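A closer look at the structure
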Amino acid sequence: ILLELYQYGDDGSGRGLEGYIAELSDQSENMLTLAERYTAQEDEKTAAVRSALDALYACTEPSPAQKQAVDVLYSAAGELDMYLFSLELGEQDRTLLNKVTAGFDSAYLVIGREADIYNLAVEQYNKKLETFPSSILSGLAGIGPSEKYA
């Protein structure tokens, strides 16, 4: 049940925490593509976003480490975004940056909402494991409590 919630959410959209994290990653990649047109390849801000993306890609399951990677990415991409907004961008690139920023911010906000829903489900699941007969059956099956997202 928790895996389904993580993957598909509970709002009928078919997108859970996993999908919104993928959206955040995609928008970060789009921002990097745009930044490469205007910054040096070894730019500190683009390197920070790339590093944060790599850390996020290494987290494949919901966990506090994944939440931390999302927050680090949000911060690094926010700094790159502010820098790009300060540059003289072409009209198409300015429009693209506005769309990427909106998509990025929206995904981050929804991740927060989805994380709250997921964490509540984890709490309920873990409490159920502590009750009889689940406590005995889960012990026999080697099933333990789940970790919250954050």
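Higher on the page you've got the structure.
Residues numbered from 1 in each chain as written. Predicted model: local features only at pLDDT ≥ 70, side-chain atom pairs only at ≥ 80, totals over all residues. Heavy atoms only, no water.

Remarks on the overall build of the chain
- Per the secondary structure count, the chain includes six helices and zero strands.
- Secondary structure elements of the chain, listed N to C terminal, follow the sequence α-α-α-α-α-α.
- In terms of C-alpha radius of gyration, the chain reaches 19 Å, well past the compact-globule figure of 15 Å for 150 residues.
- Out of the 150 residues belonging to the chain, those deemed buried represent 38%.
- Accessible area of the chain: about 8700 Å², with a carbon and sulfur share of 54%.
- The averaged location of the 25 negative side-chain charges in the chain is 4 Å from the averaged location of its 11 positive side-chain charges. (Helix = DSSP H or I, 4+ residues; strand = E, 2+ residues; numbered from the N terminus. Rg over C-alpha atoms; globule rule 2.2 N^0.38 Å. Buried < 20%, exposed > 50% of the residue type's maximum accessible area, 1.4 Å probe, protein only. Areas by Shrake-Rupley, 256 points an atom, 1.4 Å probe, with all protein chains shown as cover. Lys, Arg positive; Asp, Glu negative; His and termini not counted. Charge placed at Lys NZ, Arg CZ, Asp CG, Glu CD.)

A look at the environment of Gly90
- Looking at the secondary structure, you find Gly90 in the loop between α4 (64–86) and α5 (91–130).
- A relative accessible area of 33% means that Gly90 is categorised as partly exposed.
- A sequence separation of 34 residues divides Gly90 from Leu56, and the C-alpha atoms of the two residues are 31 Å apart.

Thoughts on unusual backbone geometry
- Residue Phe132 is joined to Pro133 through a cis peptide bond whose omega torsion reads 5°.
- The topology assignment puts Pro133 in the loop between α5 and α6 (134–141).

Some details on the packing of aromatic side chains
- Within the structure shown, the criterion is met by three aromatic pairs.
- Ring centres of Tyr6 and Tyr118 lie 6.2 Å apart, and the angle between their planes is 65°; this geometry places the pair in the edge-to-face category. Placement of the pair is Tyr6 in helix α1 (residues 2–8) and Tyr118 in helix α5, with a sequence separation of 112 residues. Neither residue differs from the other here; Tyr6 and Tyr118 are each classed as buried.
- Relative to Phe104, the ring of Tyr74 lies with its centre 5.3 Å away and its plane at 0°, an arrangement referred to as stacked. On the criterion of sequence distance, the pair formed by Tyr74 in helix α4 and Phe104 in helix α5 is long-range, its members being 30 residues apart.
- Judged by its relative accessible area of 27%, Tyr74 falls in the partly exposed class.
- Among the aromatic residues, those joined into a ring-pair cluster are Tyr74, Phe104 and Tyr108.
- The lysine or arginine in question, Arg15, covers the ring of Tyr20, its NZ or CZ lying 4.4 Å from the ring centre. (Phe/Tyr/Trp six-rings, centres within 6.5 Å; stacked < 30°, edge-to-face > 60°. Lys NZ or Arg CZ within 6 Å of the ring centre and 35° of its normal.)

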